[in-house]
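Listed here are the chains, written in short residue letters.
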Amino acid sequence: MKLYDYILSPSCYKVRLMAALTGVKLDIRPVDFHPGAEHRGPELLALNPAGSIPILEDADLILTESSAMLVYLAARAAPEWLGTGAAEGTARVQQWLSFANRLTASLGGARLHEMLLRPGDITALQALSIAALRELEAGLVEQGLRGMRFLVADRPTVADIACFPYVALAPDGGVSLDPYPAIRLWSRALRSLENFIEMPGIHRLHELKPEPHIEPGKV
Amino acid sequence: MTHNTMIDEWYPVGLFSKLDAAGRETALMGEPIDVARDAEGSAKVTGRNGRPLPVCVRYGHVWSSLGTPLKALFAIPEADQAGRRFVDVGVVRVRCSPLRAVENFLDIAHFPFVHTDILGAEPHTEVQNYKVEIREDEVWATQVKFYQPQAAKSASGGITTEYMYRVPAPTCAVLYKTCPPRPSEWDVITLFVQPLAEDLCDVWPWMALFDDETSMTDLIHFQQTIFLQDRSILENQIPRLLPLDPGMEIPTRADLTSVAYRRWLKRHNYTYGAQLVAQ
């Protein structure tokens, strides 16, 4: 499985994270998104006319939507990440996967503007971001009342991975996470998962790292 | 606060390779400027009301000034060495003082905690003593040593890296570090910082490396990873303006370069992005 990837892209990170959590090995093909704009160059436009990354290639299958990539990885390697298959849970997963696109547009757009100087109406992007974060916070609070730590169940699903990266990087776009305690708890729960991997700006929990081996001697 | 002395310095304002006739709108210390390519293909910079500003093209970037630079842009002889790869890493905007962006680049104590498993790792956290001096009015730190699990894309395995840091201008820093493929040479990694406002800057990293194996994209991504790991910390440092007077902070031996940099800024009255009384 080949992933056309940009190390700083939260959408690409969704796929890298899902692969790590489910034990899938990816062949990474780095794309010079910035400053090279390679995703808009002829080779990648031929593969994905939308001009976006990530792109996932597995033999004849080419996927250009990150939600589809998460579902594909889960279906192939760890179907428990898709939910139990019951109607309500399946629908909730779909709802949050679609919701994740609003996070990409709003939080992602704000981040691109503030950090990488892409055009955009920053005030509008931040307002849309806050509206989306409030919905996410409300959803997580409701899940908490049901005794569940994640978006659809008490275990993580593709819905959580789809929503996590742009939310965790909200401050890059000038949107604070201070008003959202349920989101912060959920973020900690995700970052505590076994085989969690980082991206620049998203850190594992320091207290969960193994104790360093202290070397004897030498003062 | 007089910013006069920083007005006459050179600052990066764009990548030469990305320049076109339409140009890009940006700013220097609060003044809007325009950076474009003229009919002959040369870079052209104009300030408020279309006034022409000084311009030079060096190290892959377009440089300009709001005042009158007294000297040419600082020299980096390694930039003319054959066989080196020159890497335009790409601009990243940071909501912090331009001086804080430079100071962070000079610090190595944070490596094991911020650039974990790349530029440092626990328990190798001690910063051994190193040398700081002023050479020809530039701040230099030499004989810096640090254990690094992955010092560069060209390194295979952990090594103890040697470093030198140089500050040739108030918002520019040059790092010379052990070059794994050619141990008698230094890899050069720079941070050129464009001050937009006292708490906002555009950071333009650039590199001159010996590495015949790694793809350009991988070289860019390695450096962008390092810088993005620092960015959220930079945006949260307080006070926002870099304190140039001692106050609540107590520096340690690991902070020698930062202390020298702050004293050098104060001596030259380079105070844009700084405050004189620590809170």
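Draft legend 1. Molecular detail of the overall build of chain A. Each helix and strand in chain A was counted, giving seven helices and four strands. In terms of overall dimensions, chain A is globule-like: its C-alpha atoms have a radius of gyration of 18 Å, near the 17 Å expected for 219 residues. Viewed in the frame of its principal axes, chain A has a C-alpha envelope of about 55 × 50 × 40 Å. Per-residue burial over chain A gives 50% buried out of 219 residues. Sequence separation of 24 or more characterises 64% of the internal contacts of chain A that already satisfy a separation of 6 or more.

Draft legend 2. Just the pattern of salt bridges, in detail. All names here are of chain B. The final tally for this structure, using the stated rule, is 25 salt bridges over all chains. In this structure, Arg166 engages Glu138 in a salt bridge whose closest nitrogen and oxygen atoms are separated by 2.7 Å. Taken as a pair, Arg166 in strand E11 (residues 159-169) and Glu138 in strand E10 (residues 138-148) lie far apart in primary sequence, 28 residues in all. With respect to class, Arg166 is no different from Glu138; both count as buried. Of the charged contacts in the structure, one is a salt bridge between Glu235 and Arg231, with a shortest N-O distance of 3.1 Å. Residue Arg231 is classed as buried on the basis of its relative accessible area of 1%.

Draft legend 3. Region of interest: the confidence of the model for chain B. Residues of chain B with pLDDT of at least 70 account for 98%, and the chain-wide mean is 93. Interface confidence for the predicted complex, expressed as ipTM, amounts to 0.92; the pTM equals 0.94.

How each quantity is defined
- For every chain, the first residue of the written sequence is number 1, and numbering continues from 1 onward in sequence order.
- Think of it this way: whatever chain is written first is A, whatever ligand is written first is 1, and the rest follow in order.
- Restriction of local features to residues with pLDDT of at least 70 applies here, the model being predicted, together with a cutoff of 80 or more for giving and counting side-chain atom pairs; totals for whole chains, interfaces and linings are based on all residues.
- Heavy atoms throughout the structure, all of them, feed into the side-chain values; hydrogens and water do not.
- Put simply, DSSP marks the helices as runs of H or I at least four residues long and the strands as runs of E at least two long, and each gets a number from the N terminus on.
- In this setup the radius of gyration rests on C-alpha atoms only. A globule is expected at 2.2 Å times the number of residues raised to 0.38.
- Note on exposure labels: buried denotes an accessible area under 20% of the residue type's maximum, exposed denotes more than 50%, and partly exposed covers the range between, all computed with a 1.4 Å probe on protein chains only.
- By the convention used here, residues are in contact when the closest approach between their heavy atoms is within 4.5 Å.
- Just to be clear on terms, a salt bridge is a Lys or Arg side-chain nitrogen sitting within 4 Å of an Asp or Glu carboxyl oxygen.
- A score from 0 to 100, pLDDT tells how confident the predictor is in each residue.

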